[in-house]
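Structure assessment
Each chain, letter by letter, is given below.
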Amino acid sequence: MINLILFGPPGSGKGTQGKFIQERYKLCTISMGDILRNEIALGTDLGITAKSYMDKGNLVPDEVVVGIIEHTMEQKKDCSGFLFDGFPRTVAQAKALDTMMHHHGIQVSALLELDVPEEELVKRLLLRKEIEGRSDDNIDTINNRLTVYRTQTAPIADYYRKQGLHHLIQGTGKVEEITERLYNAIDKL
Ligand code: AP5
Ligand code: MG
């Protein structure tokens, strides 16, 4: 059983690449951003709370997202492996994930970090705004998401590096080239 974390800044291609990885390795994807956007669309209390953070590009509180992961993993008990997209995003979330995995008798196999320069990230997200119209893809929110990533999320890489689970993948070039790099790294696990 493999359990992967797809990691990287906003616009690095986690959602794009996650679809291919999920398909090839028959994994259940848990995308925190997608779960939260779905709650917003449904107008639930959780969605209303989440929107107030997401629209500014800030992180939703740890206890909220950890609760969602707990519930989702419980619902997906029969999955033969997980692909996490957008979780964990703080060291506290990474530690909570370890505890939850332990509870299920499983562990993180690898964290795959997509490495993309910031000017390319901004270009991609502004282009995505034209296509998908995601409300957090405006320049102010993008800049804040990048700052939040640098200060609160990037330190996670070290947490996994110390456990020998961190893999840096070049995230620029054609989508299919990046997919190939990810497959190569996963196949070696
Ligand atoms: P989330 O939805 O996770 O957003 P994000 O991390 O900002 O990442 P994106 O979804 O914007 O980018 P991506 O890496 O998936 O790239 P994509 O494949 O779309 O989180 C949103 C918010 O939710 C957070 O800000 C926070 O408020 C909250 N949240 C979520 N998780 C949380 C957590 N754990 N704790 C607390 N709060 C949380 O690609 C981007 C664009 O580039 C696309 O248009 C794509 O077509 C294009 N593209 C992809 N690959 C290439 C390529 N190789 N060349 C050219 N273009 C490309
Ligand atoms: Mg995404």
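Residues numbered from 1 in each chain as written. Chains lettered and ligands numbered in written order. Predicted model: local features only at pLDDT ≥ 70, side-chain atom pairs only at ≥ 80, totals over all residues. Heavy atoms only, no water.

As annotated in an unreviewed UniProt entry, the protein chain carries the name Adenylate kinase and is attributed to Porphyromonas miyakawae. Its UniProt record gives the protein chain a comment under Subcellular location (unreviewed entry), which states: "Cytoplasm". Taken verbatim from the UniProt record of the protein chain, the Catalytic activity (unreviewed entry) comment is "AMP + ATP = 2 ADP". (UniProt positions renumbered as here; feature names shortened; annotations may be inferred.)

Details of the pairing of strand S3 (residues 82-85)
Of the two faces of S3, the one holding Phe 82 and Phe 84 and the one holding Leu 83 and Asp 85 are both buried throughout. For strand S1 (residues 4-7) and S3, the ladder comprises three bridges, and the chain directions are parallel. Within S3, the position partnered with Ile 5 by the bridge is Phe 84. Pairing analysis gives four bridges linking strand S2 (residues 28-31) to S3, with the strands arranged parallel. In the sheet register, Cys 28 faces S3, and the bridge partner there is Phe 82. (Buried < 20%, exposed > 50% of the residue type's maximum accessible area, 1.4 Å probe, protein only. Helix = DSSP H or I, 4+ residues; strand = E, 2+ residues; numbered from the N terminus. Pairing = 2+ DSSP bridges.)

Topic: the packing of aromatic side chains
Any pair of aromatic rings gets described here by the distance separating the centres and the angle formed by the planes. In this structure the tally under the stated criterion is five aromatic pairs. Arranged with centres 6.0 Å apart and planes meeting at 75°, the rings of Tyr 25 and Tyr 183 form a pair that is edge-to-face. Residue Tyr 25 is located in helix H1 (residues 14-25), and its partner Tyr 183 is located in helix H9 (residues 175-187); the two are separated by 158 residues in the primary sequence. Residue Tyr 25 is classed as buried on the basis of its relative accessible area of 18%. Note on Tyr 159 and Tyr 160: the rings are 5.2 Å apart at their centroids and 80° apart in plane angle, and the pair reads as edge-to-face. The pair Tyr 159 / Tyr 160 is uniform in exposure class, with both members buried. Each member of the aromatic cluster is reached from another via a ring pair, and the members are Phe 82, Phe 84 and Phe 87. Above the ring of Tyr 183, the side-chain terminus of Arg 24 is found at 4.1 Å from the ring centroid. (Phe/Tyr/Trp six-rings, centres within 6.5 Å; stacked < 30°, edge-to-face > 60°. Lys NZ or Arg CZ within 6 Å of the ring centre and 35° of its normal.)

Overview of the UniProt feature "binding site: AMP" (unreviewed entry) in the protein chain
Here, the residues flagged by UniProt with the feature "binding site: AMP" (unreviewed entry) are Arg 37, Asn 58, Leu 59, Val 60, Gly 86, Phe 87, Pro 88, Arg 89, Gln 93, Arg 134 and Arg 145. Over a stretch of 109 residues, the named residues are scattered through the fold, their C-alpha atoms separated by up to 24.9 Å. Put simply, the named residues that line the largest cavity are Gly 86, Phe 87, Pro 88 and Arg 89. Among the secondary structure elements, Gly 86 is positioned in the loop between S3 and helix H5 (91-103). Judged by relative accessible area, which is 8%, Gly 86 ranks as buried. Beyond its immediate chain neighbours, meaning those up to four positions away, Gly 86 contacts Leu 6, Lys 14 and Met 32. Dropping the residues within four chain positions of it, Pro 88 is found in contact with Ile 5, Phe 7, Gln 93, Ala 94, Leu 97, Ile 156 and Tyr 160. (1 Å grid on protein atoms, 1.4 Å probe; cavity = no way out; pocket = protein on both sides within 12 Å on 5 of 7 lines; lining within 4 Å. Contact = heavy atoms within 4.5 Å.)

Quick notes on the pattern of salt bridges
Two side chains that carry opposite charge are able to pair once their charged atoms sit near each other. Under the criterion given, the structure shown has 11 salt bridges. Across the pair Arg 24 and Asp 187 runs a salt bridge whose closest N-O atoms are separated by 2.8 Å. Residue Arg 24 is located in helix H1, and its partner Asp 187 is located in helix H9; the two are separated by 163 residues in the primary sequence. The exposure class of Arg 24 is partly exposed, given its relative accessible area of 42%. Taking the shortest distance from any N to any O, the salt bridge between Glu 118 and Arg 150 comes out at 2.9 Å. (Salt bridge = Lys/Arg side-chain N within 4 Å of Asp/Glu carboxyl O.)

Some words on empty space enclosed by the protein
Going through the model one piece at a time under the given rule, you end up with one cavity of 30 Å³ or more. Roughly 60 Å³ of volume is contained in the largest cavity. Forming the walls of the largest cavity are Leu 6, Phe 7, Gly 8, Lys 14, Gly 86, Phe 87, Pro 88, Arg 89, Tyr 149 and Thr 153. Those elements giving two or more residues to the lining of the largest cavity turn out to be S1 and helix H7 (139-153). (Points joined across faces, edges and corners; volume = space filled by probe spheres on them.)

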